[in-house]
Amino acid sequence: MKKREYPLGKVYGLLEPGPVVLLTTEREGKANVMTLSWHLMLEFEPPLVGCVVSNRNYSFEILCETKECVINIPTIEIAKEVVACGNVSGRNQDKFKKYGLTSESSTCVKPPRIAECYANLECRVVDTRMVEGYCLFVMEVLKAWIDPKKKWPRTLHHRGYGEFMVAGRRLKVPSKMR
Ligand SMILES: Cc1cc2nc3c(=O)[nH]c(=O)nc-3n(C[C@H](O)[C@H](O)[C@H](O)COP(=O)(O)O)c2cc1C
(Lines give C-alpha, C1' and ligand atoms only; values in the text may rest on other atoms or scores of the structure.)
Protein backbone atom coordinates (compact mmCIF):
# COMPACT_ATOMS: atom_id res chain seq x y z
CA MET A 1 0.00 0.00 0.00
CA LYS A 2 1.57 3.28 -1.11
CA LYS A 3 0.85 6.06 1.35
CA ARG A 4 1.33 9.80 0.97
CA GLU A 5 2.08 12.34 3.66
CA TYR A 6 -1.01 14.03 5.11
CA PRO A 7 -1.21 17.68 6.24
CA LEU A 8 -1.12 18.02 10.05
CA GLY A 9 -3.96 20.53 9.88
CA LYS A 10 -6.27 17.82 8.57
CA VAL A 11 -5.39 15.09 11.09
CA TYR A 12 -8.43 15.80 13.28
CA GLY A 13 -10.67 14.62 10.44
CA LEU A 14 -9.03 11.17 10.59
CA LEU A 15 -9.47 10.72 14.33
CA GLU A 16 -12.79 12.47 14.67
CA PRO A 17 -14.72 10.42 17.20
CA GLY A 18 -18.14 11.44 15.98
CA PRO A 19 -21.07 11.54 16.06
CA VAL A 20 -21.39 15.25 15.64
CA VAL A 21 -23.62 16.60 18.39
CA LEU A 22 -25.67 19.70 19.12
CA LEU A 23 -24.83 21.15 22.52
CA THR A 24 -27.61 23.14 24.15
CA THR A 25 -27.05 25.62 26.98
CA GLU A 26 -29.32 28.13 28.68
CA ARG A 27 -28.88 31.34 30.63
CA GLU A 28 -31.62 33.54 32.08
CA GLY A 29 -34.29 31.64 30.17
CA LYS A 30 -32.51 32.04 26.80
CA ALA A 31 -31.43 28.79 25.19
CA ASN A 32 -28.55 28.42 22.74
CA VAL A 33 -27.32 25.59 20.53
CA MET A 34 -23.90 24.94 18.96
CA THR A 35 -22.49 22.13 16.84
CA LEU A 36 -19.68 20.11 18.42
CA SER A 37 -17.62 17.20 17.22
CA TRP A 38 -14.67 17.20 19.61
CA HIS A 39 -15.85 14.97 22.43
CA LEU A 40 -14.60 11.83 24.13
CA MET A 41 -15.94 9.20 26.55
CA LEU A 42 -14.07 9.12 29.88
CA GLU A 43 -16.06 6.73 32.09
CA PHE A 44 -18.78 4.06 31.75
CA GLU A 45 -21.02 4.73 34.75
CA PRO A 46 -21.85 7.32 35.69
CA PRO A 47 -21.02 8.28 32.11
CA LEU A 48 -18.41 11.03 31.88
CA VAL A 49 -17.88 12.87 28.61
CA GLY A 50 -15.21 15.43 27.72
CA CYS A 51 -16.23 18.23 25.34
CA VAL A 52 -14.00 20.88 23.81
CA VAL A 53 -15.93 24.14 23.61
CA SER A 54 -13.79 26.95 22.23
CA ASN A 55 -13.59 30.08 24.35
CA ARG A 56 -14.46 32.08 21.23
CA ASN A 57 -17.95 30.60 21.28
CA TYR A 58 -20.91 32.14 23.07
CA SER A 59 -21.70 28.67 24.49
CA PHE A 60 -18.36 28.74 26.34
CA GLU A 61 -19.33 31.64 28.59
CA ILE A 62 -22.80 30.17 29.28
CA LEU A 63 -21.27 26.79 30.13
CA CYS A 64 -18.67 28.37 32.46
CA GLU A 65 -21.41 30.24 34.27
CA THR A 66 -24.24 27.68 34.43
CA LYS A 67 -22.28 24.38 34.34
CA GLU A 68 -25.16 22.63 32.55
CA CYS A 69 -25.84 21.45 29.02
CA VAL A 70 -27.59 18.83 26.92
CA ILE A 71 -25.66 16.80 24.37
CA ASN A 72 -28.16 16.15 21.58
CA ILE A 73 -27.29 13.56 18.93
CA PRO A 74 -28.69 14.43 15.50
CA THR A 75 -29.08 12.23 12.41
CA ILE A 76 -28.79 12.85 8.69
CA GLU A 77 -32.34 14.27 8.45
CA ILE A 78 -31.21 17.54 10.08
CA ALA A 79 -27.68 17.72 8.60
CA LYS A 80 -28.28 21.22 7.19
CA GLU A 81 -29.38 22.55 10.59
CA VAL A 82 -26.32 20.91 12.21
CA VAL A 83 -23.96 22.75 9.86
CA ALA A 84 -25.89 26.02 10.23
CA CYS A 85 -25.71 25.90 14.05
CA GLY A 86 -21.96 25.45 13.74
CA ASN A 87 -21.47 28.53 11.58
CA VAL A 88 -23.53 31.15 13.36
CA SER A 89 -23.24 32.49 16.91
CA GLY A 90 -26.23 32.58 19.20
CA ARG A 91 -24.95 35.73 20.90
CA ASN A 92 -27.37 37.95 18.99
CA GLN A 93 -29.88 35.49 17.57
CA ASP A 94 -32.12 32.59 18.46
CA LYS A 95 -30.83 29.58 16.51
CA PHE A 96 -33.79 27.44 17.61
CA LYS A 97 -36.15 29.87 15.87
CA LYS A 98 -33.87 30.55 12.92
CA TYR A 99 -33.39 26.86 12.05
CA GLY A 100 -36.77 25.52 13.16
CA LEU A 101 -35.50 23.33 15.99
CA THR A 102 -38.00 22.29 18.67
CA SER A 103 -36.97 22.62 22.31
CA GLU A 104 -38.34 20.24 24.93
CA SER A 105 -37.94 20.67 28.69
CA SER A 106 -35.21 18.58 30.28
CA THR A 107 -35.81 16.81 33.58
CA CYS A 108 -32.47 17.32 35.38
CA VAL A 109 -31.03 20.50 33.87
CA LYS A 110 -32.25 23.88 32.60
CA PRO A 111 -31.02 23.70 28.96
CA PRO A 112 -33.62 22.14 26.67
CA ARG A 113 -33.44 18.91 24.71
CA ILE A 114 -33.83 19.12 20.93
CA ALA A 115 -36.87 17.10 19.85
CA GLU A 116 -35.52 16.41 16.34
CA CYS A 117 -32.43 14.62 17.72
CA TYR A 118 -32.59 10.86 18.21
CA ALA A 119 -30.80 10.95 21.58
CA ASN A 120 -30.39 13.55 24.33
CA LEU A 121 -27.95 13.48 27.24
CA GLU A 122 -28.67 15.84 30.11
CA CYS A 123 -25.31 16.83 31.61
CA ARG A 124 -23.69 18.73 34.45
CA VAL A 125 -20.09 19.99 34.28
CA VAL A 126 -18.13 18.13 36.98
CA ASP A 127 -14.53 19.04 36.19
CA THR A 128 -13.14 22.29 34.76
CA ARG A 129 -9.44 21.67 35.41
CA MET A 130 -8.65 21.45 31.71
CA VAL A 131 -10.75 24.39 30.58
CA GLU A 132 -7.90 26.87 30.85
CA GLY A 133 -5.43 24.81 28.82
CA TYR A 134 -7.74 23.03 26.37
CA CYS A 135 -11.28 24.43 26.71
CA LEU A 136 -12.13 20.87 27.77
CA PHE A 137 -15.15 20.47 30.02
CA VAL A 138 -15.81 17.14 31.73
CA MET A 139 -19.54 16.44 31.95
CA GLU A 140 -21.47 13.82 33.85
CA VAL A 141 -24.54 12.49 32.05
CA LEU A 142 -27.39 12.67 34.55
CA LYS A 143 -30.19 11.44 32.31
CA ALA A 144 -30.22 9.93 28.82
CA TRP A 145 -33.05 9.64 26.29
CA ILE A 146 -33.26 7.85 22.95
CA ASP A 147 -35.83 7.30 20.23
CA PRO A 148 -36.31 3.50 20.41
CA LYS A 149 -37.60 3.42 16.82
CA LYS A 150 -34.18 4.45 15.48
CA LYS A 151 -32.24 1.20 15.97
CA TRP A 152 -29.38 2.10 13.63
CA PRO A 153 -29.38 5.89 13.58
CA ARG A 154 -27.69 7.54 10.64
CA THR A 155 -25.42 9.80 12.68
CA LEU A 156 -23.02 12.32 11.16
CA HIS A 157 -19.24 12.02 11.55
CA HIS A 158 -17.23 15.08 10.66
CA ARG A 159 -14.34 14.72 8.24
CA GLY A 160 -13.54 18.44 8.25
CA TYR A 161 -14.47 21.30 5.94
CA GLY A 162 -18.19 20.55 5.90
CA GLU A 163 -17.73 16.92 4.84
CA PHE A 164 -19.30 14.05 6.82
CA MET A 165 -19.42 10.30 6.85
CA VAL A 166 -22.81 8.82 7.70
CA ALA A 167 -23.14 5.86 10.07
CA GLY A 168 -25.89 3.31 10.05
CA ARG A 169 -24.54 0.09 8.58
CA ARG A 170 -24.45 -2.73 11.11
CA LEU A 171 -21.36 -4.90 11.41
CA LYS A 172 -21.04 -7.54 14.11
CA VAL A 173 -17.50 -8.83 14.68
CA PRO A 174 -16.95 -11.69 17.17
CA SER A 175 -14.35 -10.85 19.82
CA LYS A 176 -12.68 -14.28 19.64
CA MET A 177 -10.87 -15.51 16.53
CA ARG A 178 -11.64 -19.13 15.85
C1 LIG B 1 -19.28 20.08 12.05
C2 LIG B 1 -18.87 21.11 13.08
C3 LIG B 1 -18.21 20.70 14.23
C4 LIG B 1 -17.82 21.64 15.21
N5 LIG B 1 -17.18 21.21 16.34
C6 LIG B 1 -16.84 22.12 17.29
C7 LIG B 1 -16.23 21.67 18.51
O8 LIG B 1 -16.01 20.48 18.73
N9 LIG B 1 -15.91 22.62 19.43
C10 LIG B 1 -16.13 23.96 19.25
O11 LIG B 1 -15.82 24.78 20.12
N12 LIG B 1 -16.72 24.40 18.09
C13 LIG B 1 -17.09 23.51 17.14
N14 LIG B 1 -17.70 23.94 15.99
C15 LIG B 1 -17.92 25.40 15.80
C16 LIG B 1 -19.10 25.96 16.62
O17 LIG B 1 -20.25 25.15 16.49
C18 LIG B 1 -19.38 27.38 16.14
O19 LIG B 1 -18.29 28.22 16.46
C20 LIG B 1 -20.69 27.96 16.64
O21 LIG B 1 -21.04 29.08 15.86
C22 LIG B 1 -20.65 28.36 18.11
O23 LIG B 1 -21.92 28.87 18.46
P24 LIG B 1 -22.16 29.84 19.70
O25 LIG B 1 -21.29 31.06 19.50
O26 LIG B 1 -23.63 30.16 19.62
O27 LIG B 1 -21.79 29.09 20.92
C28 LIG B 1 -18.10 23.02 15.01
C29 LIG B 1 -18.76 23.44 13.84
C30 LIG B 1 -19.14 22.49 12.88
C31 LIG B 1 -19.86 22.95 11.64
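Residues numbered from 1 in each chain as written. Predicted model: local features only at pLDDT ≥ 70, side-chain atom pairs only at ≥ 80, totals over all residues. Heavy atoms only, no water.

A. Focus on the overall build of the chain. A count of helices and strands for the chain gives 5 helices and 11 strands. Once the C-alpha set of the chain is aligned to its principal axes, its extents read approximately 55 × 40 × 35 Å. Out of the 178 residues belonging to the chain, those deemed buried represent 41%. Accessible surface, the chain as shown: approximately 11,600 Å² in total, 54% of it carbon and sulfur. (Helix = DSSP H or I, 4+ residues; strand = E, 2+ residues; numbered from the N terminus. Buried < 20%, exposed > 50% of the residue type's maximum accessible area, 1.4 Å probe, protein only. Areas by Shrake-Rupley, 256 points an atom, 1.4 Å probe, with all protein chains shown as cover.)

B. Fine view of the site of the ligand. Every one of the 20 residues lining the ligand counts as a neighbour, but Thr35, Ser54, Asn57, Ser59 and Gly90 are closest to it. Residue Ser59 places a side-chain N or O atom 2.5 Å away from an oxygen atom belonging to the ligand. The protein chains hide 85% of the 650 Å² of surface that the ligand would expose on its own. At a threshold of 2 Å from the grid points, most atoms of the ligand map onto the largest pocket. (Near = heavy atom within 4 Å. Polar contact = N/O pair within 3.5 Å; in protein donor to acceptor, adjacent residues only side chain to side chain. 1 Å grid on protein atoms, 1.4 Å probe; cavity = no way out; pocket = protein on both sides within 12 Å on 5 of 7 lines; lining within 4 Å. Sits in = over half its atoms within 2 Å of the grid points.)

C. The packing of aromatic side chains, seen in detail. Enumeration according to the criterion identifies 1 aromatic pair in this entry. Positioned above the aromatic ring of Trp145, the side-chain terminus of Arg113 is 4.2 Å from the ring centre. (Phe/Tyr/Trp six-rings, centres within 6.5 Å; stacked < 30°, edge-to-face > 60°. Lys NZ or Arg CZ within 6 Å of the ring centre and 35° of its normal.)

D. Main features of the layout of surface pockets. There is about 680 Å³ of room inside the largest pocket. Lining the largest pocket are 27 residues, with Met34, Thr35, Leu36, Asn57 and Gly86 sitting closest to its centre. It is strand 2 (residues 30-36) that provides the largest number of residues to the lining of the largest pocket, a total of 4 residues. Grouping the amino acids of the lining of the largest pocket by side-chain chemistry returns 13 nonpolar, 12 polar and 2 charged. (Points joined across faces, edges and corners; volume = space filled by probe spheres on them. Nonpolar A, V, L, I, M, F, W, Y, C, P; charged D, E, K, R; others polar.)

E. Structural detail: unusual backbone geometry. Geometrically, the link from Glu45 to Pro46 is a cis peptide bond, its omega value of 0 degrees lying close to zero. Here Pro46 shows up in the loop between strand 3 (39-43) and strand 4 (48-52). Phi is positive for Lys67, which is not a glycine, with a value near 60 degrees. Summarising the element assignment, Lys67 is placed in the loop between helix 2 (58-66) and strand 5 (68-73). Look at Lys67 and you get partly exposed, because its relative accessible area is 33%.

F. The nonpolar core, seen in detail. Leu23, Val53, Leu63, Ile71, Phe137 and Met139 are the most contacted members of the largest nonpolar core, which totals 22 residues. Breaking this core down by element, the ones donating at least two residues are strand 1 (21-27), strand 2, strand 4, helix 2, strand 5, strand 8 (119-127) and strand 9 (136-146). Core analysis: the next-biggest nonpolar cluster, separate from the first, contains 13 residues, Val20, Ala84, Cys85 and Ile114 among them. (Core = buried A, V, L, I, M, F, W, Y, C linked by side-chain atoms within 4.5 Å.)

G. Quick peek at the environment of Pro46. For Pro46, a relative accessible area of 41% corresponds to the partly exposed category. A C-alpha to C-alpha distance of 20 Å links Pro46 and Lys110, two positions 64 residues apart in sequence.

H. Region of the structure containing the sheet that holds strand 5. The strand order across the open sheet built from 7 strands is 2-1-5-8-9-4-3, with neighbouring strands paired in antiparallel fashion. Looking at the sheet topology across the chains shown, the edges are occupied by strand 2 and strand 3. For this sheet the average axis-to-axis angle between neighbouring strands, irrespective of direction, equals 35 degrees. With 8 bridges joining them, strand 8 and strand 9 adopt antiparallel strand pairing. Residue pairing for strand 9: Val125 is matched across the bridge by Met139. This element, helix 2, spans strand 1, strand 2, strand 5, strand 8 and strand 9 of the sheet and lies at about 60 degrees to strand 1. (Pairing = 2+ DSSP bridges. Axes fitted to C-alpha atoms, helices over the stretch in contact; angles between N-to-C directions. Contact = heavy atoms within 4.5 Å.)

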